[in-house]
Amino acid sequence: MRGSLAVLALFALTSGALAEDAPAPAEALPPAAAKTLKPAVQRADQLDLLFAELRKPGIQTDAVEEKIWALWGASDSPTAEVLLNQAKIAIADGAPAEALSILNRLIGANPDFAEAWNKRATLYFMMKKDDLALADIAHVLDLEPRHFGALAGKGMILERQKKYAAAREAYEEALAVNPALDNVKAALKELDRVEQGI
């Protein structure tokens, strides 16, 4: 059981980290249309197209996921993006108090930035503050219901709390959004073994 949680925790952290360097998909909209739309609207339209891509058979999902994470990490505020990156670095450096301080400031100034809430939820999960993590995940899903990383994280927390039925529901919601999440599929198989007493 602990093994599947560790793998999923690594997924939650590294997915966002990989996406930092991934370029946002400029090809998603025609150039003329892209110029007339606000950046947040452009990102929303690009996300719609990318989520549709995830459901196509035979698609290279890794590249699509990286583009989605890159869009989630983007903000109309350059300062917000800098702070998010600083928080990621602090987490990677094993400085949770510093990361939490950065994320608290970031969320206070940008309460509609879903990825800031998600990163703080990940940090709370690592700190074993499950109720705080679940509260932040609820904010993420209010802002971006398709956030498969947050849904997977919710499943991980509920699994750790031995709330297996609720964990299964969260994992299944994540797979409904992104059917290519192998770590989530593995977690569901592990839940099957736990529930069957194997």
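Summary of the structure given here. Predicted model, so just to flag it, every value in this text is computed and none were measured.

1. Thoughts on the pattern of salt bridges
Considering all chains together, one arrives at nine salt bridges under this definition. Note that Glu53 is salt-bridged to Lys56, the shortest N-O span being 2.7 Å. Taking relative accessible area as the criterion, Glu53 reaches 24% and is therefore assigned partly exposed. In this structure, the salt-bridge partner of Glu144 is Arg146, at a minimum N-O distance of 3.2 Å. Its relative accessible area of 8% is what places Glu144 among the buried residues. Overall, the relative accessible area of 25% leaves Arg146 in the partly exposed class.

2. Description of the layout of surface pockets
Looking at the largest pocket, its volume works out to about 410 Å³. In terms of lining residues, the largest pocket is bounded by 17 residues, among which Ala40, Arg43, Ala74, Asp112 and Ala114 are the most central. Contributions of two or more residues to the lining of the largest pocket are made by α3 (39-54), α4 (61-72) and α7 (114-126). Residues that form the lining of the largest pocket fall into these classes: nine nonpolar, two polar and six charged.

Thresholds, definitions, all that
- Residues numbered from 1 in each chain as written.
- Predicted model: local features only at pLDDT ≥ 70, side-chain atom pairs only at ≥ 80, totals over all residues.
- Heavy atoms only, no water.
- Salt bridge = Lys/Arg side-chain N within 4 Å of Asp/Glu carboxyl O.
- Buried < 20%, exposed > 50% of the residue type's maximum accessible area, 1.4 Å probe, protein only.
- 1 Å grid on protein atoms, 1.4 Å probe; cavity = no way out; pocket = protein on both sides within 12 Å on 5 of 7 lines; lining within 4 Å.
- Points joined across faces, edges and corners; volume = space filled by probe spheres on them.
- Helix = DSSP H or I, 4+ residues; strand = E, 2+ residues; numbered from the N terminus.
- Nonpolar A, V, L, I, M, F, W, Y, C, P; charged D, E, K, R; others polar.

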